[in-house]
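# Reading the structure
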Amino acid sequence: MWGGRFAEGPGAIMREINASIPFDKALWRQDIAASKAHAAMLGACGIVSAEDAKAIERGLDTIATEYEADGVPEDWSLEDIHMTTESRLAALIGPAAGRLHTARSRNDQVATDFRLWVRDAIDQADAGLKALQRALVMRADEHAASIMPGFTHLQTAQPVTLGHHLMAYYEMIRRDRSRFADARGRLNECPLGSAALAGTGFPIDREMTAQALGFRRPTANSLDSVSDRDFALDYLTAAAQCSLHLSRLAEEFVIWASQPFGFVRMPDSLSTGSSIMPQKKNPDAAELVRGHSGRIVGAAVSLMVTMKGLPLAYSKDMQDDKPPVFEAAALLGLSIAAMAGMVEGATFRTDRMRQAAELGYATATDLADWLVREAGVPFREAHHITGAAVKLAESRGVALEALSLADLQAIDGRIGEGVYRALSVEASVAARASHGGTAPDEVRARIAEAREALGMGG
């Protein structure tokens, strides 16, 4: 490839450290698509003959068929997917293959291939996240009125509905999808034709190749085109944030599936057993999703550190840009699929959830709100009164609503009989009918909006 400049070939260590074919062979589909677009443009612009352009196209189609059937061969002396494909093309069509690299460099070639790959990865993530959203909406609709404890600090706080809880994750995933969409919009410019760093003296048509590959337009600066990897960082940061949301949902399932909670039975297909304890049903899929988030965040940090000090234009450090992206994409895809399956297949034990909501003094805020609303008590004073009532109920080991009216009036005489209508968990959730609140009707309104956004119908 570059032997004309060197008297000797690379040593064994250089061959090994320099070869990227073990991982960049994943770009073969994108490399062939970009090469076909480039060859067609060269032919249309009269830079290569129509006969050679056609031969190149036929040869690339043959190579694609071979790769699809048998995989990409790994010859480290050819270094990467680009030279592997070009070498095979030469074997198939002869000297005409050497014309394919006219007016391009491996620098703009890999930048184009990698953008195409990341764009595909974004589309795959978005499709998976949409499926997860649909699962969340379906289960939330089933449980729009199913009462459970809401937590802060993992301590019982106020009653909410399971539907409301699940829809919180719908909203998180909605924002994740928007981050991926933003990343896709920014990356959708075509570097092909930037050549090594300065552009080319051949009369190429960059608009033609950009259009052929589905890009919005060509990139505007050839130096930036071959140096830029912020499109990969955009993807990784979106993936990292998404993985954090998936990890939080996974953690909920791990907690809920534990015997002290017993809020959910995990699907058998996403659980494992123990080699020694036959009674165990472990939420391993959820735990692995939780663990994968650390690796995805690590991939983002890895590429940030690789890129942080590189001068323009291309440096060989950038060969290490692809492994963290490939790893993160694979882990994210598995995590999304696992969580969608978990949400779809879980059996929610709403009886246990309701029981937990009733035992944790979750309606204490409702007593304070009643004092404010019905007795005109300032909230801070109502908070103090309610705290005394909770302390009394706790000392007796009973629920708040189990205290007699005499008990409550001994704490504050302004408490009346009507307070009991506010102290049930049903009354508590129904009262929170502000926009975005946990009242079942409000939850159903948000579900209807989500159904429309996802094209799910009524």
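About the thresholds
Residue numbering note: each chain is counted from 1, following its sequence as written. For this predicted model, a pLDDT threshold of at least 70 governs which residues receive local features, and a threshold of 80 or more governs which side-chain atom pairs are given and counted, while totals over whole chains, interfaces and linings are taken from all residues. No hydrogens and no water enter the side-chain calculation; it runs on all heavy atoms of the structure. Pairing of aromatic side chains requires ring centres within 6.5 Å, counting the rings of Phe and Tyr and the six-membered ring of Trp. Pairs whose planes differ by under 30 degrees are stacked, by over 60 edge-to-face, and all others tilted. Helical segments are the DSSP runs of H or I of at least four residues, strand segments are the runs of E of at least two, and each set is numbered from the N terminus. Each residue's exposure class comes from its accessible area (1.4 Å probe, protein chains only) as a fraction of the maximum for that residue type: buried when under 20%, exposed when over 50%, partly exposed otherwise. For a Lys NZ or an Arg CZ to count as sitting over a ring, it must be within 6 Å of the ring centre and within 35 degrees of the ring normal. Helix axes are fitted to C-alpha atoms over the stretch in contact, other axes to C-alpha atoms as well, and angles between N-to-C directions run from 0 to 180 degrees. Angle categories are assigned with fixed cut-offs, so that under 35 degrees is roughly parallel, over 145 is roughly antiparallel, 65 to 115 is roughly perpendicular, and the rest are oblique. Crossing chirality is assigned from the near helix's rotation relative to the far helix, an anticlockwise turn below a right angle marking it left-handed and a clockwise turn marking it right-handed. Residues are treated as being in contact if the distance between any of their heavy atoms lies within 4.5 Å. Each residue gets one label: Ala, Val, Leu, Ile, Met, Phe, Trp, Tyr, Cys and Pro are nonpolar, Asp, Glu, Lys and Arg are charged, and the others, such as Gly, are polar. Patch building starts from residues that exceed 30% relative accessible area and form no salt bridge, then joins like charges within 9 Å and nonpolar side chains (Val, Leu, Ile, Met, Phe, Trp, Tyr) within 5 Å. Using a 1.4 Å probe, the Shrake-Rupley method yields the accessible areas, and only the shown protein chains count as cover for residues. By definition, a salt bridge exists where a carboxyl oxygen of Asp or Glu is found within 4 Å of a side-chain nitrogen of Lys or Arg. Residues belong to one nonpolar core when they are buried, are Ala, Val, Leu, Ile, Met, Phe, Trp, Tyr or Cys, and are joined through side-chain atoms within 4.5 Å.

## Examining the packing of aromatic side chains
Within a pair of aromatic rings, the relevant descriptors are the distance that separates the centres and the angle that separates the planes. Under the definition given, this model contains eleven aromatic pairs. A centroid spacing of 5.6 Å and a plane angle of 80° characterise the contact between tryptophan 28 and tyrosine 67, whose relative ring orientation is edge-to-face. With tryptophan 28 in helix α3 (residues 28–44) and tyrosine 67 in helix α4 (residues 50–70), this residue pair connects regions lying 39 residues apart in the sequence. Taken together, a centroid distance of 6.3 Å and an interplanar angle of 40° make the contact between phenylalanine 253 and phenylalanine 348 tilted. Here phenylalanine 348 lies in strand β6 (residues 347–348) and phenylalanine 253 lies in helix α10 (residues 230–257), a separation of 95 residues in the sequence. Taken as a pair, phenylalanine 253 and phenylalanine 348 share a single burial class, namely buried. A network of ring pairs unites the aromatic residues Phe151, Phe253, Trp256, Phe261, Phe263 and Phe348 as a single cluster. The cationic tip of arginine 119 hangs over the ring face of phenylalanine 215; the distance from NZ or CZ to the ring centre is 4.8 Å. The residue whose ring lies beneath lysine 322 is phenylalanine 114, and the NZ or CZ to ring-centre distance is 5.5 Å.

## Structural notes on the packing of α3 against helix α6 (residues 106–142)
Across the interface, α3 lies against α6 with an axial gap of 9 Å and an inter-helix angle of 125°. As judged from the angle between their axes, α3 and α6 are oblique. For the pair α3 and α6, the crossing hand works out as right-handed. Counting all contacts with α3, which are made through Gln30, Asp31, Ala34 and Ser35, the residues of α6 involved are Gln109, Thr112, Asp113, Leu116, Trp117 and Asp120. Of the residues contributing to the contact of α3 with α6, the split by class is three nonpolar, four polar and three charged.

## Structural notes on a nonpolar patch on the surface
On the surface, a nonpolar cluster with roughly 380 Å² of combined accessible area is contributed by Leu244, Val297, Val301, Met304 and Val305. Sort the elements by how many residues they give to the nonpolar patch and helix α11 (residues 284–307) lands first, with four residues. In this structure, methionine 304 sits in helix α11. For methionine 304, a relative accessible area of 39% gives the class partly exposed.

## Here's the deal with the nonpolar core
Within soluble globular proteins, side chains that are nonpolar generally end up buried alongside one another. Judged by nonpolar contacts, the single largest core of 90 residues is most densely connected at Phe180, Tyr235, Phe253 and Leu332. With 16 residues, α10 is the single largest residue contributor to this core. In this structure, leucine 332 is in contact with Ala125, Phe180, Tyr235, Ala239, Cys242, Ser243, Leu246 and Ile296, ignoring residues within four places of it in sequence. Counting 19 residues, the second-largest nonpolar core is a separate cluster that includes Tyr361, Trp370, Leu403 and Ile415.

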